Amino acid sequence: MAKEERTVPKLDLDRIIAACESGDDVGFCIACGEETYGVEPDMRRGVCESCGEKKVFGAEELIIRMG
């Protein structure tokens, strides 16, 4: 049986800016790229519900870190 490959969503500046502009309190896991909703803008190292890593950051926090 072939191993199922999982596609990691691309995490780029355009996607993060769109999340900031949406006003939906979006964060991103920098380990797997998944979006997480209900995240404070300044969240750092939250637990990802998808992969379990402590690498969820608020979109606004990621903008600051990328600057």
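Read on for an overview of the structure. Please read these numbers as outputs of a predicted model, since none were measured by experiment. (Residues numbered from 1 in each chain as written. Predicted model: local features only at pLDDT ≥ 70, side-chain atom pairs only at ≥ 80, totals over all residues. Heavy atoms only, no water.)

### Quick word on the environment of Pro9
Mapped onto the elements, Pro9 comes out in the segment before α1 (13-22). The class of Pro9 is partly exposed, set by a relative accessible area of 26%. It is 8.9 Å that separates the C-alpha atoms of Pro9 and Glu35, two residues lying 26 residues apart in sequence. In contact with Pro9, other than residues within four places in its own chain, are Arg15, Cys32, Gly33 and Glu34. (Helix = DSSP H or I, 4+ residues; strand = E, 2+ residues; numbered from the N terminus. Buried < 20%, exposed > 50% of the residue type's maximum accessible area, 1.4 Å probe, protein only. Contact = heavy atoms within 4.5 Å.)

### Brief notes about unusual backbone geometry
Notably, Asp25 is not glycine yet its phi reads approximately 50°, a positive angle. Secondary-structure assignment places Asp25 in the loop between α1 and β1 (26-29). A relative accessible area of 42% means that Asp25 is categorised as partly exposed.

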